[in-house]
Amino acid sequence: MKRVILLTIVCLLFFCLDMPAQLSVKQTKAIIVKRMIELNHLSPRPVDDSFSVAMFRSLLKIADRRKLLFTDAEYKSLLSHTTHLDDELNGKSWKFVDLFESLYKRSLTRADSIINKQLQKPFDFSVNESITTSTEETFNFSVDIAALSNRWSRYLKYRALNQLFELVTNDSSGKTTLKTSTSSSEAKVRERILLSETRLLKKSLDHPAGFSEHVFQLYLDAIASGFDPHTNYFSQEGKEEF
């Protein structure tokens, strides 16, 4: 079971005494989370460039595990900070979270637009296309928005074909074919996919705590994962939900 890191008011006050006055509220809280984990972990890893890279990868995996949100240019913009997150956690300049929040919100809003546009019309399954998925860190992001839109198109078709094929395999009579299931159920399948995909996007965009706070919670969770993949940060709200 994953460890749960809980911040208490006492600990906040204790660590704030040693904080430079010019730090923002978010940076101060991030540094406190880092220090608390260091104090409570049996053998905490050094907060260095290696930690920074691990933290960066964890955050990107949480935010865009399917590689369907960020373009390559946006990814590279974030990547330029990949070895500086440790510096921010040691009290230096604070830039990454604001940049990540801005690009993440843009990517989610854009994805919502792409999905809604593509699912307004029937899929064309006559086109010879393929889809590639990978869990590898080196799996590329789309080179531009046109390529990203095309990647979404193929992914949504893939989801639709899976659901249509399930209708075939679930028919014990053997009368349903992929052609008949497509003819009778394609519109309903598109509607279900639209609902599930937009719900997933809205879960972040319309988060109860607010988008900015939601993104910051992802960042704090990435700090915890940087120390140990089995460690998570839980806010007070997250603890109550858990």
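Scroll up to find the structure.
These numbers come from a predicted model, not from an experiment. (Residues numbered from 1 in each chain as written. Predicted model: local features only at pLDDT ≥ 70, side-chain atom pairs only at ≥ 80, totals over all residues. Heavy atoms only, no water.)

A. Highlighting the overall build of the chain. Helix and strand counts for the chain stand at 10 helices and two strands. Secondary structure of the chain in N-to-C order comes out as β-α-α-α-α-α-α-α-α-α-β-α. A buried classification covers 43% of the 242 residues belonging to the chain. Taking contacts inside the chain between residues at least 6 apart in sequence as the whole, the part at least 24 apart equals 77%. Roughly 14000 Å² of accessible area belongs to the chain as shown, and the carbon and sulfur atoms make up 55% of that amount. (Helix = DSSP H or I, 4+ residues; strand = E, 2+ residues; numbered from the N terminus. Buried < 20%, exposed > 50% of the residue type's maximum accessible area, 1.4 Å probe, protein only. Contact = heavy atoms within 4.5 Å. Areas by Shrake-Rupley, 256 points an atom, 1.4 Å probe, with all protein chains shown as cover.)

B. Representation of unusual backbone geometry within the structure. At lysine 67, a position not held by glycine, the phi torsion is positive, near 55 degrees. A relative accessible area of 11% means that lysine 67 is categorised as buried.

C. Up close: the packing of aromatic side chains. According to the stated counting rule, one finds 13 aromatic pairs in the structure shown. One aromatic cluster in this structure is built from Phe56, Phe70, Tyr75, Phe96, Phe100, Tyr104, Phe141 and Phe211. (Phe/Tyr/Trp six-rings, centres within 6.5 Å; stacked < 30°, edge-to-face > 60°.)

The values reported here are purely geometric and, on their own, carry no functional implication.
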